[in-house]
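Observations on the model geometry
Okay, here's what each chain looks like letter by letter:
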There are 2 protein chains.
Amino acid sequence: MAKSIRKKASKKELILQRASAMFREKGFPATSMRDLAESVGIEAASLYNHIQSKSEILQEIIFRTANDCNVHMDRIDLPSLNNIQKTESLIRFHVQMMLNRFDDYYVMVNEWIHLTEPYLTNFTTQRRNYVQKMEAILADGISKKEMKPVLPYVAMLTILSSVRGLEFWHRSGKKVLAQTMEDNMVNHLIGGLKKN
Amino acid sequence: MAKSIRKKASKKELILQRASAMFREKGFPATSMRDLAESVGIEAASLYNHIQSKSEILQEIIFRTANDCNVHMDRIDLPSLNNIQKTESLIRFHVQMMLNRFDDYYVMVNEWIHLTEPYLTNFTTQRRNYVQKMEAILADGISKKEMKPVLPYVAMLTILSSVRGLEFWHRSGKKVLAQTMEDNMVNHLIGGLKKN
């Protein structure tokens, strides 16, 4: 019994992984349950033993990825870290998500628009809160003179957009290592915030 | 006669502008010639007095926007400018394109995939050359110790991705002025390249 539950859990995980890859490649609307079943290697009807609907799959992918982001944001909320360190940790976290969890992260960032209510509003609220926390870290860093007086909104946008741009690294076939990408991006983006 | 040519030219310009806005909003594949004619305020059949096909419209939008990028790149190829100045000029140019020529720039960056041959290969070659010139400026800045030793490829990606991210500023309804966005982004991205 325990073994069968584990087996079911791993099958569901496989479904989520394959769905995430397909949603990224083709987009949520163009991905059919039939294609997904084929990719997983089961009958389309069997998919419904594991999940209720295509919408539910999208929700699970996006909300568990959002959880990981929220957990990391909470983890850096420490008095022992200054705002430069917090910002660096955020950049490294997002770069790693984009490099190591590309499908899930891409789907969260690009396909959330296909969520249905109440998940859609719930997600956009979470995202707004997340971005506000990031801007608050930048604003605190500026007020404490750890950082140059940039607009937190613009710096947040620059950082998150740069991370999104790693999509092109994925597609380019460039042989630059993930760690090198991360270190260079941190060097550039944190360097630009620090006071000279 | 001269007046009628001018009138025809301005009608064509209007068609290109409306098409650019529609391609950005709905994507090239989902935009129909019928919708475009309606937006311009003429009969669908009359469109063909001005342009041959939807593909031709896409080509004109993308290639004239690419021309503007290439002209700017040539314009900064001056011995009187150091590489920090050249890079700053590139960032300002791209930010201004994204802010003031949003439709055209967005269509070039996102919809080029729908070009047909020979335009598709021609465009990707131009783009590769353009990016290589940008990386060469960064590499020269590093070798002359004007800039920190970052990977030119990663810095190029960070800069162009940050500019693309201004799409979210357009959509956010934020009241941050274009000039303020530009100055902040330059401050952050150039600051991160300079040697301390």
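Residues numbered from 1 in each chain as written. Chains lettered and ligands numbered in written order. Predicted model: local features only at pLDDT ≥ 70, side-chain atom pairs only at ≥ 80, totals over all residues. Heavy atoms only, no water.

1. Some thoughts on the overall build of chain A
Note the following rule: Each helix corresponds to a stretch of at least 4 residues labelled H or I by DSSP, and each strand to a stretch of at least 2 residues labelled E; elements are numbered beginning at the N terminus. We call two residues in contact when some of their heavy atoms are within 4.5 Å. Using the Shrake-Rupley algorithm and a 1.4 Å probe, accessible areas are obtained, with residue cover drawn only from the displayed protein chains. Here the positive residues are Lys and Arg and the negative ones are Asp and Glu; neither His nor the chain ends is included. Just so you know, the charge point we use is NZ for Lys, CZ for Arg, CG for Asp and CD for Glu.
Of the regular secondary structure elements, chain A holds 10 helices and zero strands. Traced from its N-terminal end to its C-terminal end, chain A shows the element sequence α-α-α-α-α-α-α-α-α-α. Expressed along its principal axes, the backbone C-alpha trace of chain A runs to roughly 60 × 40 × 35 Å. Sequence-distant contacts in chain A: of pairs separated by 6 or more residues, those separated by 24 or more amount to 72%. Surface accessibility of chain A: about 9800 Å² in total, with carbon and sulfur atoms responsible for 52%. Averaging the coordinates of the 28 positive side-chain charges in chain A and doing the same for the 21 negative ones gives two points 2 Å apart.

2. Details of the confidence of the model for chain A
Put simply, the rule is: For every residue, the predictor assigns a confidence score, pLDDT, that lies between 0 and 100.
Looking at chain A as a whole, its pLDDT mean stands at 92, while 98% of the residues score no less than 70. Two summary scores accompany this predicted model of the complex, namely pTM at 0.87 and ipTM at 0.83.

3. Overview of the packing of aromatic side chains
Residue and element names in this part refer to chain A. Heads up, the rule is: Within 6.5 Å between ring centres, the rings of Phe, Tyr and Trp (the latter by its six-membered ring) count as paired, and their orientation is classed by plane angle as stacked under 30 degrees, edge-to-face over 60, tilted in between. Note on classification: 1.4 Å probe, protein chains only; a residue is buried when its accessible area is under 20% of the maximum for its type, exposed when over 50%, partly exposed between these limits. Charge over a ring is defined by NZ of Lys or CZ of Arg lying within 6 Å of the ring centre and within 35 degrees of the ring normal.
All chains considered together, the criterion is met by eight aromatic pairs over all chains. Measuring from ring centre to ring centre gives 5.1 Å for F23 and F28, while their planes differ by 70°; the resulting arrangement is edge-to-face. Taken as a pair, F23 and F28 share a single burial class, namely buried. Stacked on the ring of W112, the Lys or Arg R127 has its end atom at 4.6 Å from the ring centre.

4. Observations regarding the relation of the copies chain A and chain B
Here is the rule: Copies are brought into register by a least-squares superposition over C-alpha atoms of residues with pLDDT of at least 70 in both.
In screw terms, the move from chain A to chain B is a rotation of 180° and a rise of 0.0 Å along the axis, fitting with an RMSD of 0.0 Å. Overall, the copies show the geometry of a two-fold rotation axis. Of every C-alpha in chain A, the one belonging to A:G192 sits nearest the axis of rotation, 1.7 Å from it. The overlap is high: 100% of the interface residues of chain A also sit at the interface in chain B, so the same surface is used on both sides.

5. A short note on the pattern of salt bridges
As a reminder, the rule being used: Think of a salt bridge as a Lys or Arg side-chain nitrogen and an Asp or Glu carboxyl oxygen that are within 4 Å of each other.
As enumerated under the stated definition, the model contains 26 salt bridges over all chains in all. The closest approach of N and O atoms between A:D104 and A:R64, which form a salt bridge, is 3.9 Å. With A:D104 in helix 6 (residues 102-111) and A:R64 in helix 4 (residues 54-75), this residue pair connects regions lying 40 residues apart in the sequence. Residue class for A:R64 comes out partly exposed when judged on its relative accessible area of 25%. Linking B:R64 and B:E13 is a salt bridge whose minimum nitrogen-to-oxygen distance equals 2.9 Å.

6. Thoughts on the domain arrangement of chain A
All names here are of chain A. We count it as follows: Source of the domain bounds: an automatic or database domain assignment. A quick way to say it: buried area is the sum, across both parts, of accessible area lost when two parts are put together, with a 1.4 Å probe. The definition of a polar contact used here is a pair of N or O atoms within 3.5 Å, where within protein one atom must be able to donate a hydrogen and the other to accept one, and adjacent residues in sequence count solely through side-chain atom pairs.
In terms of domain boundaries, chain A breaks down into domain 1 (1-51) and domain 2 (53-191). The C-alpha centroid of domain 2 is placed 27 Å from the C-alpha centroid of domain 1. Contacts between the two partners involve 16 residues from domain 1, matched on the other side by 16 residues from domain 2. When domain 1 packs against domain 2, close to 1600 Å² is buried across both sides, 64% of that on carbon and sulfur atoms. On the domain 1 side of the interface with domain 2, the three residues burying the most area are L16, R24 and F28, jointly 43% of the side's total. Put simply, domain 1 and domain 2 have three salt bridges between them. Ionic pairing is found between D103 and R24, a salt bridge with its closest N-O pair at 2.5 Å. Remark: the boundary between domain 1 and domain 2 carries nine residue pairs in polar contact (both at pLDDT 80 or more). Among the secondary structure elements, those contributing two or more residues to the side of domain 1 that touches domain 2 are helix 1 (2-26) and helix 2 (33-40). Tallying contributions element by element places helix 1 first for the side of domain 1 that touches domain 2, with nine residues.

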